[in-house]
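Observations on chain architecture
So you can see what is in the structure, the chains are spelled out below.
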Protein chains: 2
Amino acid sequence: MSQKIAVAIIGYGNVGRGVQTALKQNPDMELMGIFSRSPERVKQDVQDVPVYSVDDLQALQKCSVAILCGGSKNDLPVQGPHFAAHISTVDSYDNHSCIPEYFNKMNPIARDNKTVSVISTGWDPGTFSLERVLGNAFLPGTKTYGFYGVSEKGGLSMGHSDALRTIEGVADARQYTHAIPEAIERVRRGENPDLKPEEMHWRECYVVLEDGADAEKIEKEITTMPAYFAPYKTEVHFISAEELKENHAGFPHGGMVIGSGSLGGTNRGTIEYHNTWDSNPAATANILVAHARAAHRLREEEKFGAYTIVDIPPAYFSPKSHDELLAEFL
Amino acid sequence: MSQKIAVAIIGYGNVGRGVQTALKQNPDMELMGIFSRSPERVKQDVQDVPVYSVDDLQALQKCSVAILCGGSKNDLPVQGPHFAAHISTVDSYDNHSCIPEYFNKMNPIARDNKTVSVISTGWDPGTFSLERVLGNAFLPGTKTYGFYGVSEKGGLSMGHSDALRTIEGVADARQYTHAIPEAIERVRRGENPDLKPEEMHWRECYVVLEDGADAEKIEKEITTMPAYFAPYKTEVHFISAEELKENHAGFPHGGMVIGSGSLGGTNRGTIEYHNTWDSNPAATANILVAHARAAHRLREEEKFGAYTIVDIPPAYFSPKSHDELLAEFL
Ligand SMILES: NC(=O)c1ccc[n+]([C@@H]2O[C@H](COP(=O)([O-])OP(=O)(O)OC[C@H]3O[C@@H](n4cnc5c(N)ncnc54)[C@H](OP(=O)(O)O)[C@@H]3O)[C@@H](O)[C@H]2O)c1
Ligand SMILES: NC(=O)c1ccc[n+]([C@@H]2O[C@H](COP(=O)([O-])OP(=O)(O)OC[C@H]3O[C@@H](n4cnc5c(N)ncnc54)[C@H](OP(=O)(O)O)[C@@H]3O)[C@@H](O)[C@H]2O)c1
C-alpha cells in the first residue's frame, strides 16, 4: 500500500467524530480535512486536521473519497446528490423506505460524473442488510428478523430519546430498546412467526424531570405516546441529571439478524448474526471507513455508479491483498 | 426469471444428494442430470433425473453450471481443473491451507475457457470465510475465532468419526465436537486471547464395539490418539448399534465466527455469526446452489475466472432483482 487513500469527512457530528477516530485505526487511509456547514464550531474541537466550509470544493479536490456524516432526515438527501457530482462518496442514509429512491437518484449522478457512491451503509442499513440478503439466499425464501438491544443494557435509540425530550417537564432523557428473548426463541425454533413490533421489543426510559414537573402525568404521557411507546411494554425510571450523565452518556447499541428455514426435506438451518457496539456512531464510522476503501478501489477500476453493501465484493472492504485473504481467512 | 438455470450435479454422495434436494427449493434452477463415476450405483437411488457417467461431456453441454460434489481430498483437485475447462463450476473444496494453490490453478483455466469457477464455498470455507474477512475489515485488524459445535448436540465431525472407525475392535462410531463456552466468553469480553485448539473445543465419542472387544483398551487408544484426541478433553460413550442408528444417524453441525475489537478510543465492538445446521451436507448444498446462481450470472456478464465467496457481490446469490433487494432487505 504505497499511497494512502485521501479521505474527507463531510459533516461533524457523532458519526463524523467516529470517522475521525476510526481513520486512525486504518493505516492505508489519511484524513485530509473536515468539511462542515459550521466550520467555526468544528475548529473549537479539532486542531490537528484542516477544517473547511462545505462549500470549499477546491479543498475537496485533494481527496479521493468523501464520507458523508450528515443526518439522514435533512442532510443526506441534499448533500448526497450534491457531492456525488464532485467526488466519490460513502454515506449511512438510513431512511429504509426511501433507499430505492435515493439509490436511483445517486446512481446516474455518480455514473455521469465518473464517481462511485456507496449509499446506506453502516450496520442497519448495512451489515444487517447484507445478512438479510444472504440468509434469504442460503436458506431459500426464509424470512429474516431483526432484533435490537439484545445485550443486557439494550440499545440506545436516538429517535425515541428525542421524542421523550419533546414532552413538557422533561429536562433530559434516554431510551433503551430491548429485545424480547421469547420472540427470539420462537424464531430460533423455526416457527417463522408473524410478530408485531411490540411482540419483539420493549422500551426502557430514563427521564430527568424539570423542577416541579408532575412525574405521574409525564409517565402517562410517555406510555400513551402513539407509535413511539403506546403499543409497547414501556418502563419509565426517573433519575437525576447526575445519574444520567454518569450512567447514560454513551451510545451503546446493537442487535441481531436471524432466519431459520428449510435445508430441504426435514432438515432445518438457522443463521444468526450479532453486532454489539459500545458506541453506535463509532461502529457505523468504522464500517463507513471500510466502504470508503471499497469506493476508492471501484473508482480506480472505473466501475462508476451507486452501490450498496450487497453490490460490492467483500474483499474490497479489506486492506489485505487477495493472496493474503485466501491464505489467512478462507 | 424466464429461463431456468440448468444445473449439473457431479458426484453423488452426501453433498450431491443435498444439492439434489436443495435445487427443489430454488424455482429459478433446474437439475439437468447427475454425473457420477459410478452411475449404476446412483441409478439405484435416482429415478426422476437422468444419470450420466462423468465422462459424458456431451450431456454436460446442455448445462450452464456444474456443482462439483466430490471429496476434497482426492476428487476435487482433479475434477475441478478438469471440468472448469468445459463448464462453469462451483465446489466446496475445504483443504484450507491449499486453497490459494487451488485458486491459482482454477483461475487461468476458467479465464482461458471463458467459464466461471467458484471455489471453496459452503460454510467453512464459505460463510465463515466471508465473516472472517468482514470482521477483520469492520473492526480493523481484529482477530476472528471459529468455534464449532456450539449447540447442545455439538457438531458431527466426519474426519474424527472416520479416525475412530480405524481402531481395531470398533464396529462403528460418531464424534461430536463441542465448543468450550468459557473460551467463547473470553473472546466476547474482548480479551483477544491466544487459544490452543484444546482450549477451544472438546470431543465426545459414541462408539459401538465389536463382539468381545476390550472397552478399556479402546478408550485409552482413543484418548491418546495423537492430534485427533490426545490434546483434547475427550469423553467416550460405548453404545449399541441400535442406539447409534436411532440417535446418531444425522449430520448435525454448525458453529460461530466471533471477533471483538476496538472501534477507536475506548469503544469496543463485537461481531458474531452463527450457523446451526440439522445437516452439514444439506447446508453446504444450499449454499453451493446459491453460488451456482452467482456463477451463472457472472458468466453471462462475461466476467470469466475463479472466484471465492469474498469476490462476489452478495446480490448475485439472491434470486431477487436489485430493486426487490433494495426495497425488501436494505
Ligand atoms: N446505517 C446505520 O447503521 C446508521 C447508524 C447510526 C447512524 N446513522 C445515520 O447517521 C446520521 C448522522 O448521525 P449523527 O449521530 O452523527 O448525527 P448528528 O450528531 O446530529 O450530526 C449530523 C450533522 O449535524 C451537524 N451537527 C452536529 N453537531 C452539531 C452542533 N452541535 N451544532 C450544529 N450542527 C451540528 C453536523 O453537520 P455540519 O458539520 O455540516 O454542521 C453533522 O454532520 C443519522 O442521521 C443516521 O441516519 C446510520
Ligand atoms: N465447505 C464446506 O463448508 C463443506 C462442508 C461439508 C463438506 N464439504 C466438502 O464436501 C466434500 C464431499 O462431502 P460428502 O459428504 O458428499 O462426501 P462423500 O459422501 O464421501 O461423497 C464424495 C464422492 O464419493 C463418491 N461416493 C459417494 N458415496 C459413494 C458410494 N457409496 N460408493 C462409491 N462412491 C461414492 C461420489 O462420487 P461419484 O458419484 O463420482 O462416485 C461422491 O461425489 C467433502 O470432501 C468436504 O470437503 C465442504
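Residues numbered from 1 in each chain as written. Chains lettered and ligands numbered in written order. Predicted model: local features only at pLDDT ≥ 70, side-chain atom pairs only at ≥ 80, totals over all residues. Heavy atoms only, no water.

1. Structural notes on the packing of helix H4 (residues 76-84) of chain B against helix H5 (residues 99-112) of chain B
Packed helices, taken two at a time, are described by the angle between their axes plus the distance between the axes. Residues and elements named next belong to chain B. Closest axis-to-axis distance for the H4/H5 pair is 8 Å, and the angle between their directions is 15°. Put simply, H4 runs roughly parallel to H5. With respect to the hand of their crossing, H4 and H5 are arranged in right-handed fashion. On H5, the residues touching Leu76, Pro77, Gly80, Pro81 and Ala84 of H4 are Tyr102, Lys105, Met106, Ile109 and Ala110. Split by residue class, the contact of H4 with H5 holds eight nonpolar, one polar and one charged. (Axes fitted to C-alpha atoms, helices over the stretch in contact; angles between N-to-C directions. Helix = DSSP H or I, 4+ residues; strand = E, 2+ residues; numbered from the N terminus. Parallel < 35°, antiparallel > 145°, perpendicular 65-115°, else oblique. Left-handed = near helix turned anticlockwise from the far one by under 90°. Contact = heavy atoms within 4.5 Å. Nonpolar A, V, L, I, M, F, W, Y, C, P; charged D, E, K, R; others polar.)

2. Focus on the interface of chain B and chain A
Each partner contributes residues to the interface: chain B has 63 residues there, and chain A has 64 residues. Surface buried jointly by chain B and chain A totals about 5400 Å² across both partners, of which 65% is contributed by carbon and sulfur atoms. A per-residue breakdown of the area chain B buries against chain A is headed by Phe138(B), Phe329(B) and Leu330(B), which together make up 15% of the total. Linking chain B to chain A there are 23 residue pairs in polar contact (both at pLDDT 80 or more). Secondary-structure elements contributing two or more residues to the side of chain B that touches chain A are H5, helix H6 (127-138), strand S12 (253-264), strand S13 (267-277), helix H12 (280-300) and helix H13 (322-328) of chain B. Top element by residues in the side of chain B that touches chain A is S13(B). It accounts for 11 residues. For the side of chain B that touches chain A, the per-class residue count stands at 31 nonpolar, 24 polar and eight charged. The pairing of strand S13 (residues 267-277) of chain A with S13(B) spans nine bridges and is classified as antiparallel. For Trp277(A), the partnering residue across the bridge sits in S13(B) and is Gly269(B). (Buried area = accessible area lost by both parts, 1.4 Å probe. Polar contact = N/O pair within 3.5 Å; in protein donor to acceptor, adjacent residues only side chain to side chain. Pairing = 2+ DSSP bridges.)

3. Quick notes on the site of ligand 1
Residues and elements named next belong to chain A. Near ligand 1, the surroundings consist of 24 residues, among which Tyr12, Val15, Ser36, Arg37 and Ser72 are the closest. In the model, an oxygen atom of ligand 1 is placed 2.4 Å from a nitrogen or oxygen of the Ser72 side chain. One of the side-chain nitrogen or oxygen atoms of Asp94 is found 2.8 Å away from an oxygen atom of ligand 1. If ligand 1 stood free it would expose 910 Å²; the protein chains cover 73% of that surface. Counting residues per element, the ones that place at least two in the shell around ligand 1 are helix H1 (14-23) and helix H12 (280-300). Here the shell around ligand 1 is composed, by residue class, of six nonpolar, 13 polar and five charged. (Near = heavy atom within 4 Å. Areas by Shrake-Rupley, 256 points an atom, 1.4 Å probe, with all protein chains shown as cover.)

4. Notes on the relation of the copies chain B and chain A
Mapping chain B onto chain A calls for a screw motion: a turn of 180° about the axis and a shift of 0.0 Å along it, with 0.0 Å RMSD after fitting. What the rotation and shift describe, once combined, is the action of a two-fold rotation axis. A share of 100% of the interface residues of chain B reappears at the interface of chain A, consistent with the copies meeting face to face through the same patch. (Least-squares fit on C-alpha atoms with pLDDT ≥ 70 in both.)

5. Quick word on the domain arrangement of chain A
Accessible area lost during the coming together of the parts is what is often quoted as the interface size. Residue and element names in this part refer to chain A. Once the domains are mapped, chain A shows domain 1 (5-122 + 281-324) and domain 2 (127-279). A C-alpha centroid distance of 28 Å is found between domain 1 and domain 2. Residue-level contacts link nine residues of domain 1 with nine residues of domain 2. For the pair domain 1 and domain 2, the two sides together bury roughly 750 Å², of which 71% comes from carbon and sulfur. Taken together, domain 1 and domain 2 are joined by zero salt bridges. On inspection of domain 1 and its partner domain 2, the count reaches three residue pairs in polar contact (both at pLDDT 80 or more). Of all the elements, H12 adds the most residues to the side of domain 1 that touches domain 2, at four residues. Of the residues belonging to the side of domain 1 that touches domain 2, the class tally is six nonpolar, three polar and no charged. (Domains from an automatic or database assignment. Salt bridge = Lys/Arg side-chain N within 4 Å of Asp/Glu carboxyl O.)

6. Re the sheet that holds strand S11 (residues 234-238) of chain A
Residue and element names in this part refer to chain A. Pairing is mixed across the open sheet formed by four strands, whose spatial order is S8-S9-S10-S11. Strand pairing shows two members of the sheet lacking a second neighbour, strand S8 (155-156) and S11, which therefore form its edges. Relative to S11, strand S10 (residues 201-209) runs parallel, the two sharing five bridges. Note on S11: the bridge partner recorded for Tyr206 is His237. Strand contacts of helix H7 (residues 158-165): S8, strand S9 (170-179) and S10, with the helix running at about 145° to S9, the strand carrying the most contacts.

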